[in-house]
Structure formats: structure tokens, C-alpha cells
Amino acid sequence: MEEPNGVLAEPVQREISRLAVLAGQRLLQHGAESTLVMDVARRLGLALGVDSVEVSLSASSMVLTTLSDGRCITTTRRCQDRGINMQVVTEIQRVCIMAERGVLDVDGVHQRLEQIKPMRYNRYLVIVMIGLSCASFSRLAGGDWPVFALTFVASAVGMFVRQEIAHCHFNPLLNFGVTAFVTTLISGFGQVYQIGEAPFLAMASSVLMLVPGFPLINAISDMVKGYSNMGIARWTMASLLTLSTSMGIVAAMNVLGVWGWLS
């Protein structure tokens, strides 16, 4: 809705501001890099009719300002982590492109954004696939079939524990530490009872599911592209997750009295 002189009415500009910040908020919550968050929020606002969009990001929030005919509207959103989900990121980019091409107006963008729900794979399928991936790493490292089986069991049980803790909304640092402890405890029995020719490979391979690869990649990408604050914040969180994982591994080794690949 525009005023007679072609200028956006204030309620319309306010709604555009809300849609742009909602798109950016959900991108940031689901693991998008800072460049993509700012680019999509800006492009979406411009496509819907405002003159300018300015975005400021921090580790847990974002501030967005739209400018239309000299009138500024600023809004702030908290961006609580919702877990990495590239399906959400892709869908929001698709909405942005459709708005730029004139397929969607303000109401259409609002409806499409509200319809986007994170796609979740079947949890048992995830458990099996994580178990197979970690077990495959043990085979690539030279492990035999008993080591493969032990790695599969340890990593699958560890993934189940990780899902249960996440379902209860505990701190991710606690989640990674407990998961690493349980996973290493199970795989460490291979070293205790000498299962297979190289049981230490099970201890090394079963915890690979806890490597925070995506946050580390985003952290480096942000710093390289000039978003130092975001990059440092993400790097710090990834480092803390790695530290928690290491503490869980060491604790399990102490309980069993074995040191796996460190011995």
C-alpha cells in the first residue's frame, strides 16, 4: 500500500522491516554465514520497496534499519541458535529471489516465511548413518571388521545420547562433553578387551561426529570477509565445543584406565 504520491505508507514500511529482519534472524539461527544474512535481508527489503536497508550483526542478535523517503524504522531481534539447517537457509533465499522477480508481494513474502519449517530427518536414520560414517572412518584408517562394528555401536549410542540431551535443551557444551564421555567409554572397551587388531582406532573414529566443522568454516569465512566480531564469536564457540569434547574423552579414558591412540 502506497500513499498518493507514491511513497510507502509507514505501516507498510514497518511490515517490510519486520519481514527483512525475520528472514535475517532465521538465517542466522540456522547457521548461515554473516555475508549471506546481511545480503538476503538487504535484497529482500529493497525488493519489497524500501530505499535502503542497513544491518548490524552480533553473535546472538541483529539490528535492522529500513529507510524510505527519509523515514527510518529500526528493529532488533534476538537470534537464539536453532541448529544448522540448510533447508531453511535455501528456502529463505528462494523467497528472496521470488520477491526480486515480482512473484511475491509483501503479503506473499509474509505467508511464505511463515510456512517455512525446519525439515528433520528421522532420528533413527540419523543414528544409523552417523554410526556408519564413523565406522567407515575406522575402516579407512586401517581397522578390521571387529573395530568397524565397535565404532558403529559406540558412535550410534553416542548420537542417541546427543539427541536426548539436545531434546531436553541443555547447554551444547554439556551435550558435547557427555556425548564424548559416553562414546569414548563404549569404544574404550575395545582397548580393555583387545577387540580387533587396532582397537584404538575405534576410540579415535567414534568421536569424529563431534568435530564442529560447520561453525569453524563459518568463523573463518566471516573473518576473511570482514566480519571479525562474528568470526571471533563463532570461533570461540567452536573452540569451547572442542574443549568440552576433549574433556569428555579424557574423563572416559581415566575411568577405563586406557589411553587409546595416546598410549
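For the structure itself, look to the data block above.
This report concerns the structure included in the present document. Because the structure is a prediction, the values reported are computed rather than measured.

Looking at the overall build of the protein chain
Consideration 1: A tally of helices and strands in the protein chain yields 10 helices and 3 strands.
Consideration 2: The secondary structure elements of the protein chain, listed N-terminal to C-terminal, are α-α-β-β-β-α-α-α-α-α-α-α-α.
Consideration 3: Projected onto the principal axes, the alpha-carbon positions of the protein chain cover approximately 80 × 30 × 30 Å.
Consideration 4: Relative to its full complement of 263 residues, the protein chain shows a buried share of 43%.
Consideration 5: For the protein chain, restricting intrachain contacts to residue pairs at least 6 apart in sequence, the fraction spanning at least 24 positions comes to 64%.
Consideration 6: In the structure as shown, the protein chain presents an accessible area of about 13500 Å², 61% of it carried by carbon and sulfur atoms.

A look at the nonpolar core
Consideration 1: The biggest cluster of nonpolar side chains holds 38 residues, and the ones touching the most others in it are Leu48, Val55, Leu57, Ile92 and Val109.
Consideration 2: Setting aside residues up to four positions removed in sequence, Val109 forms contacts with Leu19, Leu44, Leu48, Val95, Ala99 and Leu104.

Remarks on the pattern of salt bridges
Consideration 1: Counted by the stated rule, this structure contains 8 salt bridges.
Consideration 2: Notably, a salt bridge pairs Arg123 with Glu164, separated by 2.8 Å at the nearest N-O pair. Residue Arg123 is found in helix H5 (residues 123–140), and its partner Glu164 is found in helix H6 (residues 145–167); the two are separated by 41 residues along the sequence.
Consideration 3: On the basis of relative accessible area, Glu164 is assigned to the partly exposed category, the value being 30%.
Consideration 4: What emerges from the salt-bridge pattern is a single network uniting Asp39, Arg42, Arg43 and Glu100.

Details of the side chain of Ser17
Consideration 1: As for its position among the elements, Ser17 is in helix H1 (residues 10–29).
Consideration 2: Among the polar contacts listed, one links the side chain of Ser17 to the backbone oxygen of Gln13, at a separation of 2.9 Å.
Consideration 3: Other than its neighbours up to four places away in sequence, Ser17 contacts Leu64, Thr66, Ile73 and Thr75.

Reading guide: rules and limits
Residues numbered from 1 in each chain as written. Predicted model: local features only at pLDDT ≥ 70, side-chain atom pairs only at ≥ 80, totals over all residues. Heavy atoms only, no water. Helix = DSSP H or I, 4+ residues; strand = E, 2+ residues; numbered from the N terminus. Buried < 20%, exposed > 50% of the residue type's maximum accessible area, 1.4 Å probe, protein only. Contact = heavy atoms within 4.5 Å. Areas by Shrake-Rupley, 256 points an atom, 1.4 Å probe, with all protein chains shown as cover. Core = buried A, V, L, I, M, F, W, Y, C linked by side-chain atoms within 4.5 Å. Salt bridge = Lys/Arg side-chain N within 4 Å of Asp/Glu carboxyl O. Polar contact = N/O pair within 3.5 Å; in protein donor to acceptor, adjacent residues only side chain to side chain.

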